[in-house]
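Residues per chain are reported as follows:
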Amino acid sequence: MVVLNGKPLPLEGKTLKEVLEELGVEPGRVAVLLNEEAFPGHALPERPLEEGDVVEVVALMQGG
């Protein structure tokens, strides 16, 4: 199992890009943490997710 935003899901073998596409999330509008390492949505690693990976998807917000 992979943990995505705190929920265990069977996502092994998929890339972060594939997961975002399945969620309907536009990669350029989010930041992604993979095992506590940050990646902008446009620069996602290509490696498949593995058992025990922890992914957090964070929407970028403009504000002030």
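Scroll up for the structure.
This structure is a prediction, so every number in the text was calculated from the model and none was measured. (Residues numbered from 1 in each chain as written. Predicted model: local features only at pLDDT ≥ 70, side-chain atom pairs only at ≥ 80, totals over all residues. Heavy atoms only, no water.)

Trainee: Can you walk me through the overall build of the chain in this structure?
Mentor: Helices and strands together make up the secondary structure of the chain, namely 1 helix and 5 strands. Computed over C-alpha atoms, the radius of gyration of the chain comes to 11 Å, within 12% of the 11 Å expected from 2.2 N^0.38 for 64 residues, which places it in the range of a compact globule. By the burial criterion, 28% of the 64 residues in the chain qualify as buried. Across the chain, the mean location of the 5 positive side-chain charges is 6 Å away from that of the 12 negative side-chain charges. (Helix = DSSP H or I, 4+ residues; strand = E, 2+ residues; numbered from the N terminus. Rg over C-alpha atoms; globule rule 2.2 N^0.38 Å. Buried < 20%, exposed > 50% of the residue type's maximum accessible area, 1.4 Å probe, protein only. Lys, Arg positive; Asp, Glu negative; His and termini not counted. Charge placed at Lys NZ, Arg CZ, Asp CG, Glu CD.)

Trainee: What am I meant to see in the sheet that holds strand S1 (residues 2-4) here?
Mentor: The strands making up a sheet are joined through hydrogen bonds of the backbone, oriented either antiparallel or parallel. The strand order across the open sheet built from 5 strands is S2-S1-S5-S3-S4, with neighbouring strands paired in mixed fashion. Of all strands in the sheet, those with a lone pairing partner are strand S2 (7-9) and strand S4 (37-40), marking the two edges. The mean angle between the axes of side-by-side strands here comes to 25 degrees, regardless of whether they run parallel or antiparallel. The pairing of S1 with S2 spans 3 bridges and is antiparallel. Bridging from a neighbouring strand, Leu-4 pairs with Lys-7 of S2. (Pairing = 2+ DSSP bridges. Axes fitted to C-alpha atoms, helices over the stretch in contact; angles between N-to-C directions.)

Trainee: How should the environment of Lys-14 be read in this particular structure?
Mentor: Considering the arrangement of structural elements, one finds Lys-14 in the loop between S2 and helix H1 (16-23). Here the alpha-carbon distance between Lys-14 and Val-2, two residues 12 residues apart in the chain, equals 10 Å. Leaving out residues up to four positions away in the same chain, Lys-14 has contacts with Val-19, Glu-22, Arg-47, Pro-48 and Leu-49. Looking at Lys-14, its side chain comes within polar contact range of the side chain of Glu-22, at 2.9 Å. (Contact = heavy atoms within 4.5 Å. Polar contact = N/O pair within 3.5 Å; in protein donor to acceptor, adjacent residues only side chain to side chain.)

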